[in-house]
Amino acid sequence: MIHARIARACSGRVHYAWITLAVVFTAMLAGVGVRAAPGVMIVPLQQAFGWDVSTISGAVSLNIILLGATGPFLTGLMQVIGLKRTIIGCLTILMTGTALSTFMTQPWELFLTWGLMVGIGSGAGAVGIAGAVANRWFVHRAGLAMGLLSSANAAGQLIFLPLLALLVQHYGWQGVSIALTAAIALVIPMVMLLLPESPASVGLPAYGGTAVEPIRAFSGENPFGVAFGALNRASKSMDFWLLCLTFGICGFSTNGLINTHLIAYCADHGISQMNGASILAVIGLFSLIGSTASGWLCDRYSPRVLLFWYYGLRGLSLVIVPFSGFDPLSLSAFAVFYGLDWVATGPATFALSNEVFGRRDAPVIVSWIFAAHQVGGALAAFGAGAVRSLSGSYMMAFIASGLACLMASMLVLRVTPRGAVAVAE
């Protein structure tokens, strides 16, 4: 196999864990590019078909919910059929959805492609799969690895949004669908050739480990058994429900609100699509820094305390921005400040899940927690659109999201720092 030969060639210089990380990062990048696209497509779809914001937001809400709802089962599927097959299958569904969307003319087709298929296919970048990669390949620096994989969300915005906004200007919303389909088509062969199942499959110990250890099988015989078995163990702990609630608020304040509606909010204040996308790109740039730094910090400090600061500072920024006047200085300050916090909660939530539930169960359990994140995101994606349609302004949606984040900063302190649930390692 190509990856085994590369691992041997790199022996003594670069551990193959870092190459695996780069491959998974790229696959996640493709999924993020697709998930970011609705932010630049709301206005063009309104103009092309006369659909209102709530209809388009409904399709976005569906893919957000499905990304979360399928996450535990995709992580379980990964344990049954393998990491590579799961990621390739998701990318294939994602590519099919974006390709078919170029022919849509009716709302149900929007829901089928950008709702159903994109929601399932985006599972290639699900947090549980990222967590499994970090835990399989890294004994040391697992927090940093998870931070880098989480930062794919930021890098996806940074790379894709300005380009997608440019494509919308010159080629309409169909140009976005075609470009994303081509990007995913390029990623699939790379995953096929370079992604191994585990360090043991290329004869290596995990990074920082001393022994080659094969992956231990889960007790479940199918993805549903793996997913529901982990949920049954986790649901007996109040810590699980606290993490679900706080991470749900995270989704409510990020992909559901900002990622879906910030460009439209900017348009309400006379800011062009391109400039609105550039603001999101700046958020993405600083989120890349913030997520990586969060992973580094999680290897050294309590993720519970880090989450307190992340949620509290995010809440303050969301409450303040509607009163900022939307001038270039205030929007730039918001983009930098909010961007550093955008994905920082991901590595910290995963690190805290590792501490509470153990490294073996954590990837599936954090997928259930991420499902709550997506429910929160879907509520915000639809709810903010409904608020805009009813009141003519996004202001109340931003204030509600900010206050929810301030509540989350308090709730996360009630999570037991270590050893709350006894699970097999």
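Preceding block: the structure.
Treat the numbers as computed from the prediction; the structure is a model and nothing was measured. (Residues numbered from 1 in each chain as written. Predicted model: local features only at pLDDT ≥ 70, side-chain atom pairs only at ≥ 80, totals over all residues. Heavy atoms only, no water.)

Peer 1: Where do I start with the overall build of the protein in this structure?
Peer 2: The secondary structure content of the protein amounts to 17 helices and zero strands. Scaling as 2.2 N^0.38, a compact globule of 425 residues should have a C-alpha radius of gyration of about 22 Å, and the protein matches this with 20 Å. Counting all 425 residues of the protein, 58% fall into the buried class. Partitioning the contacts of the protein with sequence separation of at least 6, the portion at a separation of at least 24 is 85%. Summing over all exposed atoms, the protein offers an accessible surface of approximately 16000 Å²; the carbon and sulfur share of this is 69%. Once the 19 positive and 13 negative side-chain charges of the protein are each reduced to a mean point, those two points are 10 Å apart. (Helix = DSSP H or I, 4+ residues; strand = E, 2+ residues; numbered from the N terminus. Rg over C-alpha atoms; globule rule 2.2 N^0.38 Å. Buried < 20%, exposed > 50% of the residue type's maximum accessible area, 1.4 Å probe, protein only. Contact = heavy atoms within 4.5 Å. Areas by Shrake-Rupley, 256 points an atom, 1.4 Å probe, with all protein chains shown as cover. Lys, Arg positive; Asp, Glu negative; His and termini not counted. Charge placed at Lys NZ, Arg CZ, Asp CG, Glu CD.)

Peer 1: Whenever I open this one, the pattern of salt bridges confuses me. Can you help?
Peer 2: If you walk through the whole model with that rule in mind, you get four salt bridges. Close ionic contact of Glu197 with Arg136 constitutes a salt bridge, the shortest N to O distance being 3.9 Å. Of this pair, Glu197 sits in the loop between helix 8 (142–194) and helix 9 (223–234) while Arg136 sits in helix 7 (residues 127–137), and the two are 61 residues apart along the sequence. Arg136 gets classed as buried once you look at its relative accessible area, which sits at 16%. Across the pair Arg314 and Asp341 runs a salt bridge, and its minimum N-O distance is 2.8 Å. Residue Arg314 is located in helix 13 (residues 303–320), and its partner Asp341 is located in helix 14 (residues 328–341); the two are separated by 27 residues in the primary sequence. Residue Arg314 is classed as buried on the basis of its relative accessible area of 1%. (Salt bridge = Lys/Arg side-chain N within 4 Å of Asp/Glu carboxyl O.)

Peer 1: Looking at this structure, I do not really get the packing of helix 4 (residues 53–81) against helix 5 (residues 83–101). What am I missing?
Peer 2: Axes are the key here: two packed helices are described by the angle between their axes and the distance separating the axes. Their axes nearest at 7 Å, the elements helix 4 and helix 5 cross at an angle of 130 degrees. As far as their axial angle goes, helix 5 and helix 4 are oblique. Facing helix 4, whose interface residues are Leu74, Leu77, Met78 and Ile81, helix 5 presents Leu83, Arg85, Thr86 and Cys90. Looking at the contact of helix 4 with helix 5, its residues break down into six nonpolar, one polar and one charged. (Axes fitted to C-alpha atoms, helices over the stretch in contact; angles between N-to-C directions. Parallel < 35°, antiparallel > 145°, perpendicular 65-115°, else oblique. Nonpolar A, V, L, I, M, F, W, Y, C, P; charged D, E, K, R; others polar.)

Peer 1: When you look at the nonpolar core in this model, what are you seeing that I'm missing?
Peer 2: One broad rule of soluble globular proteins: the nonpolar side chains tend to lie buried together. With 127 residues, the main nonpolar core has Leu91 and Ile258 as its most contacted residues. Tallying contributions element by element places helix 8 first for this core, with 18 residues. Leave out the neighbours within four places in its chain, and Leu91 touches Ala27, Gly121, Ala124, Ile184, Val187, Ile188 and Val191. (Core = buried A, V, L, I, M, F, W, Y, C linked by side-chain atoms within 4.5 Å.)

Peer 1: Whenever I open this one, the layout of surface pockets confuses me. Can you help?
Peer 2: Any space left empty among the atoms is revealed by the rolling of a water-sized probe across them. Its volume calculated, the second largest pocket comes out at about 290 Å³. Residue lining of the second largest pocket: 16 residues in total, with Cys298, Asp299, Ala351, Asn354 and Glu355 positioned closest to the centre. Contributing elements (two or more residues each) for the lining of the second largest pocket: helix 8 and helix 15 (345–357). If you tally residues by element for the lining of the second largest pocket, the top one is helix 15, at four residues. (1 Å grid on protein atoms, 1.4 Å probe; cavity = no way out; pocket = protein on both sides within 12 Å on 5 of 7 lines; lining within 4 Å. Points joined across faces, edges and corners; volume = space filled by probe spheres on them.)

Peer 1: I tried to follow the packing of aromatic side chains on my own but got confused; where do I start?
Peer 2: Think of a pair of aromatic rings as described by two things: how far the centres are apart, and how the planes are tilted against each other in angle. Overall, the coordinates contain 17 aromatic pairs when judged by the stated rule. With a centroid separation of 5.6 Å and 55 degrees between ring planes, the pair formed by Phe49 and Trp173 is classed as tilted. A residue pair is termed long-range when its members are at least 10 positions apart, and Phe49 in helix 3 (residues 38–49) and Trp173 in helix 8 qualify at 124 residues. Here Phe334 and Tyr338 contribute two aromatic rings whose centre-to-centre distance is 5.1 Å and whose plane-to-plane angle is 25 degrees, an arrangement assigned as stacked. Note that Phe334 and Tyr338 are positioned in helix 14 at a spacing of four residues, about one turn of the helix. Among the residues examined, Tyr338 registers a relative accessible area of 0% and is labelled buried. In textbook terms, an aromatic cluster arises when at least three aromatic residues are bridged by ring pairs, as seen for Phe73, Phe224, Phe228 and Trp368. (Phe/Tyr/Trp six-rings, centres within 6.5 Å; stacked < 30°, edge-to-face > 60°.)

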